There are 4 protein chains.
Amino acid sequence: MTLTLSALNAASLPDFVAALGAVFEHAPWVAEGAAGARPFATVEALFCAMRATVETADDARRLALLTGHPELAGRAARAGTIAPDSIAEQAAAGLDRLSENEVARFEALNAAYREKFGIPFIACVKRHGRAALLATFEARLASSPEIERQTAETEVMRIAAIRLNALVSGEGPLRTTGRISTHVLDTVRGRPAAGVALELFEIVSPTEAALVARAVTNADGRTDAPLIGGRPVPIAAYELRFGLGDHFRRLGLDLPEPPFLDIVPIRFGVADPEGHYHVPLVATPWSYQTYRGS
Amino acid sequence: MTLTLSALNAASLPDFVAALGAVFEHAPWVAEGAAGARPFATVEALFCAMRATVETADDARRLALLTGHPELAGRAARAGTIAPDSIAEQAAAGLDRLSENEVARFEALNAAYREKFGIPFIACVKRHGRAALLATFEARLASSPEIERQTAETEVMRIAAIRLNALVSGEGPLRTTGRISTHVLDTVRGRPAAGVALELFEIVSPTEAALVARAVTNADGRTDAPLIGGRPVPIAAYELRFGLGDHFRRLGLDLPEPPFLDIVPIRFGVADPEGHYHVPLVATPWSYQTYRGS
Amino acid sequence: MTLTLSALNAASLPDFVAALGAVFEHAPWVAEGAAGARPFATVEALFCAMRATVETADDARRLALLTGHPELAGRAARAGTIAPDSIAEQAAAGLDRLSENEVARFEALNAAYREKFGIPFIACVKRHGRAALLATFEARLASSPEIERQTAETEVMRIAAIRLNALVSGEGPLRTTGRISTHVLDTVRGRPAAGVALELFEIVSPTEAALVARAVTNADGRTDAPLIGGRPVPIAAYELRFGLGDHFRRLGLDLPEPPFLDIVPIRFGVADPEGHYHVPLVATPWSYQTYRGS
Amino acid sequence: MTLTLSALNAASLPDFVAALGAVFEHAPWVAEGAAGARPFATVEALFCAMRATVETADDARRLALLTGHPELAGRAARAGTIAPDSIAEQAAAGLDRLSENEVARFEALNAAYREKFGIPFIACVKRHGRAALLATFEARLASSPEIERQTAETEVMRIAAIRLNALVSGEGPLRTTGRISTHVLDTVRGRPAAGVALELFEIVSPTEAALVARAVTNADGRTDAPLIGGRPVPIAAYELRFGLGDHFRRLGLDLPEPPFLDIVPIRFGVADPEGHYHVPLVATPWSYQTYRGS
């Protein structure tokens, strides 16, 4: 259930803080500090006021904002004793379904990180696939305390932006979503390829691919909805698999058995979770092309 | 060790039959029958004479030629009690390394086939990947006795042609080999992409891929030797995987992490074992194309 | 100035006929006949009623509808003594700017056609480039009287549909417009190519190309408006010319002089004036691709 | 008629100089100076000895080598009073067929160049199309005397290398030739496109294209010989035109009239006369791609 910006502009201070107090984890003072700058014309302006509250707070409060965050896949998370938003976010990233080995790895990394930097490792999990999350964890462990303080705060802002967007509707929403889309063109007939079944997988490891979406192209050769949309696209390698052979078989083309092209895999990486990844397939039974489109 | 055609033309009848008697399994009479048509100008002419000997033989002999063949992956094959050429051919196709389930499946098919048609199932295994061999086995089981007699004899001829080519060197060798080749073009720089690591896999099942070849592109963007060559290309689905991301990283291009294109898989089917499958990759860090070339 | 459908529904009969009497050339009886079927929910329904009026008229009237049409590029057209809509349509097709030779050719064809079929040659000129108009003229001259009567009436309907759409605004407009659009993708950088100058030419003859549109791509690599839109795309061969070399020069790429690709021409034919011809250019300094997109 | 390297190695000094004296214009002393270094194992070694003779000559002789060259399209050239090799070279570049305007332009440039640098403008005309020759002429006129001395000598070496290659056969010929080739792939059928008519034009000016070669693709989709080969490819813009529409019509495909693709033009620039420009066309009736191949 989202609140409108105008309702928030008109709300009492306690109601305002009650509504937005959880945007920054265990830190309702951020909402409180921003309330005075009302009214806000856009969601973005509201967010800027909250960020300014953080950035002008004293060092102890800023540090507490970081130490208040739960560890990723940590004991508290698994025990369900962390903030509800964090539970949902970690679950969406699959961090509640780790293998024993992965749990052990996260625990070791968490301990090493806290030992080195004195704060928990904070990352906006919605912006990372599981493999990318581990890779960034290891990379950041090698960083310096100054840079990590900044990086942690950047991640806190990203988490807050997504939470705020989910809570408040209004003009000028924050840019927290990306998209994966596709388009299948049949260049034997010079027309969109309708009825092509396709699947999108996240490549979790060299031997494991997790199904993310399944769709069939419509009359324009596109899918009715983006394959990922309305949320950040997790940083990861993906593979699209198109049932191209079936498409040309249905058209009655004379194909060898097995056909030269049957299931066509396209593997691509996403590095910008707020970007639009348009990955078309321009194909005949004997050739195809793909590119990052727009 | 191969024999020259001229040596065979000059050989005594017993020597000729000793040399070529195993080309048709358990049927030295085929070589004997062809000997009278010497001298042969080409290997192809020699093969035609052998085929004519079979085709003019009486029905009992022609049938015996079929019944003399060992079953695929059958008990005799596993016990090593079949002709040496057949042992090697079945081993090359991986039929000596089947799982329990696969052995059981072959045995059931062998039994059903022999029951229905009165002859063993004969297929030129060098022309089939393992999945294709099982698929063709099941398809042929649904065929009619007349067509299966013809198909079996066609397969016997294919087996014989490969054996003869391996034994005899001379003008006009039989066309028993195909090829898989590739070529990597870098269209950022308009040049062949040198130093690109690539692997060719045979897709054995939806979850299993067997490595067939590994190579690195040379200065012309090609591999020094075909990925498969000098033999039939087994009917199968294949996947080429190119280390494209590493190529562009080495050139110092500014790529995101993960890059849009890193490992590029191209999956294609081979239906014509004697064909040339040229599968080029024309690529940038953000696009690629492939097609069946020549 | 367009009329609304609701105003027409409410108009007196004389006003209705005054408004729509010129939709069918010299035949206000068509509007008159359709008026009784009011009110019309859509422009398409209004057009259907007009067509029905024609199709249920007696043969003499239907024939008069054809003979009432002016000749293409004929003496009356050049003298300006034909209906104003016809003058504008013929001028838009360039028929008022023909060379002496072309005028002579049209006159000879007009005479031969009238001699053979007893009616003037009627074609919806907005749907034809000049070369296509002459080609269809010659092809139809070889046709039979029965087929030409039908074809002429079909063309009358096409002319009327375009006139009606221009006159009346409302729900369900007739489909009388097509489109040419483009999209330039730079696959060196994986982004739309902004700022690319391009020109669209109609190929009038092997030695003559007439400039139709000139544009520069926007931030999304597209043009702000279709290159042709809001009207039928004349049947013709076209050539798009893209200033690709300048694009890559501006980006500072190290290109030879002359560059491998500088002005990139794409030549394509339009056979369906109401179709959408999307003709993208996917390019690097060393490669490009185009296809009929959607 | 070419001489063998071994014959030259064995020749008397007068015969050697008679054979090679014209390689450097009006400078038999270059051949004479190189003769002492015999025997030569390769043509390249012979050329290196001739170049060394030039480079170790005193300044007066080196300057005389330059002043001895005729002007391009100059009065002497048009009167036929220059060295036979120069006549043939200038004619091959079309400099004997210039318009009045072009002659005037060359004369003005020649005069300005000689005035500024004290030597005639020297360029290896076989390496330039007419437009490129004028462009380089103008660019070099803006250069400095030191650089122009060097550039002129480089051009003298290029002219000499081509003359030497034409005179002498033997191991290690000089690299003085480039190539334009093509390959047409039909990706509707996954095969080379045979029987496709194509033409190569040199773009001489925005309104003039000169036919260079005409060919039809063979069974492998290539032309039997390179479109340009055995000589430098003149620096210029070129246009290949492929009769793609006719190809698909012959195959009986159901195409609109006019077809989406009929004559396909590919325009490309050559900057490296000794390079290999492989320009393939990978096409369907609705799409095509080209790239600089290898």
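- An unreviewed UniProt entry annotates chain A as 2-oxo-4-hydroxy-4-carboxy-5-ureidoimidazoline decarboxylase of Methylorubrum rhodinum.
- The annotation that UniProt attaches to chain A under Pathway (unreviewed entry) is "Purine metabolism; urate degradation; (S)-allantoin from urate: step 3/3."

1. Quick notes on the overall build of chain A
- Of regular secondary structure, chain A possesses 11 helices and 13 strands.
- Projected onto the principal axes, the alpha-carbon positions of chain A cover approximately 70 × 45 × 30 Å.
- Within chain A, the fraction of its 294 residues that count as buried is 52%.
- Look at the contacts in chain A between residues 6 or more apart in sequence, and 68% of them connect residues 24 or more apart.
- When the accessible area of chain A is evaluated, it comes to approximately 12,500 Å², of which 53% is carbon and sulfur surface.
- Considering chain A, the positive charge centre built from 29 side chains and the negative charge centre built from 34 side chains are found 2 Å apart.

2. Quick notes on the interface of chain B and chain A
- Across the contact, 26 residues belong to chain B and 26 residues belong to chain A.
- Contact with chain A buries area across many residues of chain B, yet B:Phe260, B:Arg267 and B:Tyr288 alone supply 31% of it, more than any other trio.
- In this structure, the connection of chain B to chain A is made through 0 salt bridges.
- At the boundary of chain B and chain A, one finds 8 residue pairs in polar contact (both at pLDDT 80 or more).
- Those elements that provide at least two residues to the side of chain B that touches chain A are strand 9 (236-243), strand 10 (263-270) and strand 13 (287-291) of chain B.
- Among the elements that take part in the side of chain B that touches chain A, strand 10 of chain B stands out by supplying 7 residues, more than any other.
- As defined by bridge partners, strand 13 (residues 287-291) of chain A adjoins strand 13 of chain B across 5 bridges and the pair is classed as antiparallel. Counterpart to A:Thr290 in the pairing with strand 13 of chain B is B:Tyr288.

3. Thoughts on the interface of chain D and chain A
- Contacts between the two partners involve 9 residues from chain D, matched on the other side by 9 residues from chain A.
- Where chain D abuts chain A, roughly 630 Å² becomes buried across the two surfaces, and 58% of that area is made up of carbon and sulfur atoms.
- When the area that chain D buries against chain A is broken down by residue, the three leading residues are D:Thr187, D:Val188 and D:Trp286, summing to 59%.
- The interface formed by chain D and chain A contains 0 salt bridges.
- Scanning the region where chain D abuts chain A turns up 4 residue pairs in polar contact (both at pLDDT 80 or more).
- Grouping the constituent residues of the side of chain D that touches chain A by class yields 3 nonpolar, 5 polar and 1 charged.

4. Things to note about the environment of A:Ala152
Residue and element names in this part refer to chain A.
- Positionally, Ala152 belongs in helix 10 (residues 145-167).
- Each C-alpha atom, one on Ala152 and one on Tyr113, is 12 Å from the other, the two residues being 39 residues apart in sequence.
- Setting aside its immediate chain neighbours within four residues, Ala152 contacts Leu66, Ile119, Ile122 and Arg140.

5. Side note on empty space enclosed by the protein
Residues and elements named next belong to chain A.
- For the structure on display, the rule yields 8 cavities of 30 Å³ or more.
- Approximately 140 Å³ is the volume found for the largest cavity.
- For the largest cavity, the lining is made up of 15 residues, of which Ser86, Glu89, Ala123, Val125 and Ile159 are closest to its centre.
- Its residues assigned to classes, the lining of the largest cavity shows 9 nonpolar, 3 polar and 3 charged.

6. What about the relation of the copies chain D and chain A?
- Structural alignment of chain D on chain A gives an RMSD of 0.0 Å, achieved by rotating through 180° and translating 0.0 Å along the axis. Taken together, these values place the two copies in the relation of a two-fold axis. Relative to the rotation axis, the C-alpha of D:Val188 is the closest in chain D, positioned 2.9 Å from it.
- Comparing contact sets, 100% of the residues at the interface of chain D also lie at the interface in chain A, consistent with an isologous, same-surface contact.

7. Concerning the pairing of strand 12 (residues 281-284) of chain B
Residue and element names in this part refer to chain B.
- In strand 12, alternate side chains face the same way, and those of Leu281 and Ala283 on one face and Val282 and Thr284 on the other are all buried.
- Two strands pair when backbone bridges link them, and strand 4 (residues 184-186) and strand 12 are joined in this way by 3 bridges, in the parallel orientation. Looking across to strand 12, one finds that Val184 is bridged to Leu281.
- Bridge analysis of strand 12 against strand 13 gives 3 bridges, and the strand direction is antiparallel. Opposite Val282, over in strand 13, you have Gln289 as the bridge partner.
- Where strand 12 folds back onto strand 13 in an antiparallel hairpin, the turn is made up of 2 residues.

Rules and cut-offs
- Residues numbered from 1 in each chain as written.
- Chains lettered and ligands numbered in written order.
- Predicted model: local features only at pLDDT ≥ 70, side-chain atom pairs only at ≥ 80, totals over all residues.
- Heavy atoms only, no water.
- UniProt positions renumbered as here; feature names shortened; annotations may be inferred.
- Helix = DSSP H or I, 4+ residues; strand = E, 2+ residues; numbered from the N terminus.
- Buried < 20%, exposed > 50% of the residue type's maximum accessible area, 1.4 Å probe, protein only.
- Contact = heavy atoms within 4.5 Å.
- Areas by Shrake-Rupley, 256 points an atom, 1.4 Å probe, with all protein chains shown as cover.
- Lys, Arg positive; Asp, Glu negative; His and termini not counted.
- Charge placed at Lys NZ, Arg CZ, Asp CG, Glu CD.
- Buried area = accessible area lost by both parts, 1.4 Å probe.
- Salt bridge = Lys/Arg side-chain N within 4 Å of Asp/Glu carboxyl O.
- Polar contact = N/O pair within 3.5 Å; in protein donor to acceptor, adjacent residues only side chain to side chain.
- Pairing = 2+ DSSP bridges.
- Nonpolar A, V, L, I, M, F, W, Y, C, P; charged D, E, K, R; others polar.
- 1 Å grid on protein atoms, 1.4 Å probe; cavity = no way out; pocket = protein on both sides within 12 Å on 5 of 7 lines; lining within 4 Å.
- Points joined across faces, edges and corners; volume = space filled by probe spheres on them.
- Least-squares fit on C-alpha atoms with pLDDT ≥ 70 in both.

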